[in-house]
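Breakdown of the fold
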Amino acid sequence: MILLLSSTKDDILYFDTVIKNRKEEKILGKYDVIVGTIFNQPVMLLKDVYTSYLSSALVTYIIKEYFVILVIALGKCRSFGGTLKLGDIAFSKQIILGDVDQVAIETEKVKI
């Protein structure tokens, strides 16, 4: 299974329409996920998770409970260099998540 993490409405809407054989579930009775297939590959879309702590805890739980082979974090990213442009796809060997939590996406603010 491929796990897709998203907190932006555009990404959620896009993958919600692309996923076939979809069914909605709740993880731990609280967090909404959509389970289905894309090109006959099982996927799970975890949506509306805004904090580093929560996303890391949920991803750890989902990897433990499901056979997850790949985790893809969708949405915005920033770089220290000025070479990253809108529309670029960023790949990373390592992810460093500090003590940074997002607030509501509509305000586009980051709380540090």
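Right above here is the structure, for reference.
Note that the coordinates shown come from a computational prediction; the quantities given were computed from them, not determined experimentally.

Rules behind the numbers
Residues numbered from 1 in each chain as written. Predicted model: local features only at pLDDT ≥ 70, side-chain atom pairs only at ≥ 80, totals over all residues. Heavy atoms only, no water. Helix = DSSP H or I, 4+ residues; strand = E, 2+ residues; numbered from the N terminus. Contact = heavy atoms within 4.5 Å. Areas by Shrake-Rupley, 256 points an atom, 1.4 Å probe, with all protein chains shown as cover. Salt bridge = Lys/Arg side-chain N within 4 Å of Asp/Glu carboxyl O. Pairing = 2+ DSSP bridges. Axes fitted to C-alpha atoms, helices over the stretch in contact; angles between N-to-C directions. Phe/Tyr/Trp six-rings, centres within 6.5 Å; stacked < 30°, edge-to-face > 60°. Buried < 20%, exposed > 50% of the residue type's maximum accessible area, 1.4 Å probe, protein only. Core = buried A, V, L, I, M, F, W, Y, C linked by side-chain atoms within 4.5 Å.

As a further point, take the overall build of the chain. Helix and strand counts for the chain stand at two helices and seven strands. Counted from the first residue to the last, the chain has its helices and strands arranged as β-α-β-β-β-α-β-β-β. Taking the intrachain contacts of the chain between residues at least 6 apart in sequence as the baseline, contacts between residues at least 24 apart amount to 55%. Total accessible area on the chain stands at roughly 8,500 Å², and carbon and sulfur atoms take up 58% of it.

Turning our attention to the pattern of salt bridges. Inspection of every chain in the model, using the stated rule, returns four salt bridges. One salt bridge in this structure joins Arg 22 and Glu 24, with 3.4 Å as the shortest N-O distance. One salt bridge in this structure joins Asp 32 and Lys 26, with 2.5 Å as the shortest N-O distance. Linked through salt bridges whose partners overlap, the residues forming this network are Asp 16, Arg 22 and Glu 24.

Either a parallel or an antiparallel arrangement is found when strands of a sheet pair, and the pairing is made through backbone hydrogen bonds. One open sheet accounts for five strands, arranged β2-β3-β4-β1-β5; its pairing is mixed. Of all strands in the sheet, those bounded by a partner on one side alone are β2 (20-27) and β5 (70-73). Looking at each pair of strands side by side, their axes are set apart by 20 degrees on average, direction ignored. Relative to strand β4 (residues 41-47), strand β1 (residues 2-6) runs parallel, the two sharing five bridges. Paired with Leu 5 across the bridge in β4 is Leu 46.

So, about the packing of aromatic side chains. With the rule as written, the count across this model stands at one aromatic pair. Look at Tyr 14 and Phe 15: their rings are 5.0 Å apart centre to centre, the planes differ by 85 degrees, and that puts the pair in the edge-to-face class. Take Phe 15: its relative accessible area is 16%, and that puts it in the buried class.

Our next topic: the nonpolar core. Core analysis: the biggest nonpolar cluster contains 14 residues, and Leu 3, Ile 27, Val 33, Met 44, Leu 46, Leu 58 and Ile 62 have the highest contact counts within it. Broken down by secondary-structure element, the contributors of at least two residues to this core are β1, β3 (31-38), β4 and α2 (52-65). For Met 44, the residues in contact, after removing those within four places along its chain, are Met 1, Ile 2, Leu 3, Leu 4, Ile 27, Val 33, Ile 34, Val 35, Ile 62 and Tyr 66. Within the second largest apolar cluster, eight residues are counted, among which are Leu 4, Ile 19, Ile 34 and Val 43.

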